[in-house]
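Each chain is listed here by its residues.
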Amino acid sequence: MVAIETSRNRSAVRLARAVAFANQCMDPFRKDRLLYIQQFAGSSYGSSKTEKRQPLNNLYSLAQTMLPMLSIDPTPMIDSQGEGASQPFARLFAMAVSQICEEQWLGELYDTLVLDALFGAAVTYTALAAGTISWQDDPEGQYVSPDLPRVEQISLDDYLPDPHSRRRTAYTFEGHKYRLSLDWAMSQKDLWTDRKLIEQLGRAGESPSSSTSVADMSKAHRPRADDRWLDEIELIALWVPSMGAIVTLPGKPEQTQQYLSVSKWEGPEEGPYDVLSLMPVPDNAMPASLMGQIADLHEVQNVLARKARRQAERQKDIVVYQRAKAEADAGRIRDAGDGDVVGVDSVPNQDFAQYSFGGVNESMYKALGYFDAKFNEMSGNPDALGGMAPQSKTLGQDQLLYSNAGAKVGFWRRRILGHATRVLRKLAWFLWTDQDRSMELQQDLGGGLKVARMWTPEQRVGQFGSYSISATPYGIQSDTPERRYQRTVAWLTEVIIPLFPAMQAQGMAPDAAKIAEVTGDLGDIPRANEIIVMLPPAPPMGPQGQGQTSQTIRNQTTVNNGRGPARPAAQPQFSQQTAANDLAPEPLPLA
């Protein structure tokens, strides 16, 4: 069914044609991504099994090295910078946004986003839950509140960007395909401009697109329409900046008769989509794929590895003999076991000889080593980053190589943090503009202490634009107790101890018991608090004790602490004068 363009539906039909063209333009990127992910998953994964084995899965090796270094758990950092802003409120604001991130497991989402970005573009959609798939799975709001902002990942197989724009900021539309339960769609009476159109899509047996996608890798067989538990339809959601709205089209754009729905966009002006890319391409919105740059090397290495395997399988050692002289001896030698003593009539070195045939050609190892070095060079030196092997003959050269490799990773980290910052700003914007939401928060004071705080609409101070919102880089690598222990010890030895004389001059001193407690906890030292004990305080030295090595008191007890000259004991000094004073009677009061 092809829609006829009229004055009433001209906008919808023309947009549908542009979307159909965008879908065609995305096909090469989708096919390449599917190929790279199949190679990454391996020749034994799901329905992607192939006769061409991959003894050297370099794509998987690169991913498992890079992913821990690049993945983040986004933590918002909010500072007051405008007129009327408040730093205490900024901290409360950051706590509220952090709780939203934790409730959505945003850290785990970024694991898959960063992995997806290695293959090309990773796309997110940030909006109120009422406009996301999470909400249609839970329409009653039992688990997902429709007014709470959500972040969802959009597969590149479903992504539909404007193909005519060189930059994302110039897109005239941006959208994605998604599926809906037909029963759920029909139950939303106020969502569609014409429910009959939705019903026609259902009656026509509209099913998700049949083109091969990454999601099909885990399916041994393609499902038929009647294999599904629920009837589904496929729709297209589009962000149209000129309209300031999210519009809905059929999953097959050629079926467009008019917009299925038009919803005003109640969000930041840049729209709901964000794209994470690690390597941009000039004058093109779609980025280059890191995995795509090394896929050819991956294939060449596996061709050589498979050839080396076949050569190794053909390798054999055989013994030849002269049939006229040693045929009987050859049978006895063949049947003898290891360590057996065999009597022969022939001469072994003359009538017998052992030969080796086949085996891996030595030049094969040289070729594999060359391509492995090139793979390491082109992929950002994962050998150095992963600490898998020394890269040079000296420690200084290794440190230089690691520093250069770290610069490449730092570039990718900056782009990941930029994406996370854009997502956090949108979450913060939705929270700021929600005039009804109250949240109970937990402020961590350290040492296991937490204080309950409340986020309410009445607490807002200043304007949203008065606050600077960004993603902190501290989640780039997990902050383990071991790392915190190392930082604490380095801080004590490099900062506190050198400052000790200056601290004494100002009447300050480090708390030794607290230092032992903190380092013991971070170092996971059992019963560390029992190692440090309190000693009785020593009284100040009197004039009689100066210059003496010991002090004798009435009970003949000598106290020496073993640290140089003896110090006075903790007991009072009972000199003769003290005793006389103690025994003297009190004077009588005068009349």
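Here, the structure is the one placed above.
All of the points below concern the structure found in this document. (Residues numbered from 1 in each chain as written. Predicted model: local features only at pLDDT ≥ 70, side-chain atom pairs only at ≥ 80, totals over all residues. Heavy atoms only, no water.)

### A closer look at the overall build of the protein chain
Of regular secondary structure, the protein chain possesses 17 helices and 14 strands. Taking all 591 residues of the protein chain together, the buried fraction comes to 38%. In the protein chain, of all internal contacts separated by at least 6 residues, the share reaching a separation of at least 24 is 68%. Counting only carbon and sulfur atoms, one obtains 52% of the accessible surface of the protein chain, whose full area is about 36,100 Å². (Helix = DSSP H or I, 4+ residues; strand = E, 2+ residues; numbered from the N terminus. Buried < 20%, exposed > 50% of the residue type's maximum accessible area, 1.4 Å probe, protein only. Contact = heavy atoms within 4.5 Å. Areas by Shrake-Rupley, 256 points an atom, 1.4 Å probe, with all protein chains shown as cover.)

### Re the environment of V123
Along the chain, V123 turns up in strand β2 (residues 122-128). For V123, a relative accessible area of 0% translates into the label buried. Once the C-alpha coordinates of V123 and S277 are considered, the two residues, 154 residues apart in sequence, prove to be 8.9 Å apart. Excluding residues that lie within four positions of it along the chain, V123 makes contacts with L113, E152, Q153, I154, Y159, Y273, D274 and V275.

### A short note on the environment of R167
Tracing the backbone shows R167 in the loop between β4 (159-161) and β5 (174-181). Taking the C-alpha atoms as reference points, R167 and P282, separated by 115 residues in sequence, lie 9.3 Å from one another.

### Side note on the sheet that holds β2
Taken in spatial order, the three strands of this open sheet run β3-β2-β9, and their pairing is antiparallel. Two strands bound the open sheet, and with one partner strand each, they are β3 (149-154) and β9 (273-276). When the angles between neighbouring strand axes are averaged without regard to direction, this sheet yields 25°. Pairing of β2 with β9, which is carried by four bridges, proceeds in the antiparallel orientation. Bridged to V123 within β9 is V275. (Pairing = 2+ DSSP bridges. Axes fitted to C-alpha atoms, helices over the stretch in contact; angles between N-to-C directions.)

### Some remarks on helix α3 (residues 87-103)
For α3, spanning 17 residues, the distance from its first C-alpha to its last is 25 Å, which sits close to the expected 24 Å at 1.5 Å a residue. With respect to burial, α3 is a largely interior element, twelve of its 17 residues being buried. Burial in α3 covers these residues: F89, A90, L92, F93, A94, M95, A96, V97, S98, Q99, I100 and C101. (Expected span 1.5 Å × (residues − 1).)

### Some remarks on the nonpolar core
Ranked by size, the top nonpolar core spans 60 residues in total, and within it F93, M291 and W455 carry the most contacts. Formed by 30 residues, the second largest nonpolar core is a distinct cluster that contains Y125, I154, M186 and I233. (Core = buried A, V, L, I, M, F, W, Y, C linked by side-chain atoms within 4.5 Å.)

### Re the environment of A509
By secondary structure assignment, the location of A509 is in the loop between α15 (500-505) and α16 (512-522). Here A509 falls in the exposed class, since its relative accessible area comes to 56%. Distance from A509 to I496, taken between C-alpha atoms, is 9.4 Å for residues 13 residues apart in sequence. Apart from the residues within four sequence positions on either side, A509 is in contact with F500 and M503.

### Topic: a nonpolar patch on the surface
Judged by side-chain polarity, I318, V320, Y355 and F357 come together as a nonpolar surface patch covering roughly 340 Å² of accessible area. The set of elements that each furnish at least two residues to the nonpolar patch consists of β10 (316-321) and β11 (352-357). By the secondary structure assignment, Y355 is in strand β11. Using a relative accessible area of 43% as the deciding quantity, one classes Y355 as partly exposed. (Patch = residues over 30% accessible without salt bridge, like charges linked within 9 Å, V, L, I, M, F, W, Y side chains within 5 Å. Salt bridge = Lys/Arg side-chain N within 4 Å of Asp/Glu carboxyl O.)

### Comments concerning the pattern of salt bridges
Within the structure shown, the criterion is met by eleven salt bridges. Its salt-bridge partner being D116, residue R33 comes within 3.2 Å of it at the nearest N-O pair. Placement of the pair is R33 in helix α1 (residues 10-41) and D116 in helix α4 (residues 106-117), with a sequence separation of 83 residues. We note that R33, like D116, is buried. Connected through salt bridges with shared partners, the residues R33, D116 and D157 form a single ionic network.

### What about the pairing of strand β6 (residues 232-240)?
Each regular strand displays side chains that alternate between the two surfaces of the sheet. Counting buried positions along β6 yields eight of nine residues, so the element is predominantly enclosed. Judged from the eight bridges that link them, β5 and β6 form a sheet pairing that is antiparallel. In the sheet register, R179 faces β6, and the bridge partner there is E234. In terms of strand pairing, β6 meets strand β7 (residues 245-250) through six bridges, oriented antiparallel. From the neighbouring strand, L235 faces β7, where its bridge partner is P250. The antiparallel hairpin formed by β6 and β7 contains four residues in its connecting segment, where G244 sits at a positive phi of about 60°.

### What to know about the packing of aromatic side chains
Applying the stated criterion across every chain yields a total of 18 aromatic pairs. Measuring from centroid to centroid gives 5.5 Å for F93 and W432, while their planes differ by 50°, and the two rings are tilted. Here F93, found in helix α3, pairs with W432, found in helix α13 (residues 395-433); they are 339 residues apart in sequence, far enough to count as distant. Each member of the pair, F93 as well as W432, is classed as buried. Each ring, one from F93 and one from Y467, has its centre 6.3 Å from the other, and the planes form 85°; the classification is edge-to-face. Here Y467 lies in strand β14 (residues 467-471) and F93 lies in helix α3, a separation of 374 residues in the sequence. Summarising the burial analysis for this pair, F93 and Y467 share the class buried. Three or more aromatic residues joined by ring pairs make a cluster, and in this case those are F89, F93, W432, W455, F464 and Y467. (Phe/Tyr/Trp six-rings, centres within 6.5 Å; stacked < 30°, edge-to-face > 60°.)

### Let's talk about the sheet that holds strand β8 (residues 261-264)
On the basis of which strands lie adjacent, the open sheet formed by five strands has the order β4-β5-β6-β7-β8 and antiparallel pairing. On the outer flanks of this sheet lie β4 and β8, each paired with one strand and no other. Neighbouring strand axes in the sheet, compared pairwise and without regard to direction, differ in orientation by 25° on average. Relative to β4, α1 is tilted by about 115°, and along the sheet it contacts β4, β5, β6 and β7.

### Some words on unusual backbone geometry
Trans peptide bonds make up most of the peptide bonds, and negative phi angles are found at most residues other than glycine. With a phi angle near 55°, W105 is a residue other than glycine that sits in the positive phi range. As for its placement among the helices and strands, W105 is situated in the loop between α3 and α4. Of note, D283 is a non-glycine position whose phi angle comes to about 60°, a positive value. The residue D283 is located in the loop between β9 and α8 (290-314) in this model. Exposure remark for D283: the relative accessible area of 57% places this residue in the exposed category.

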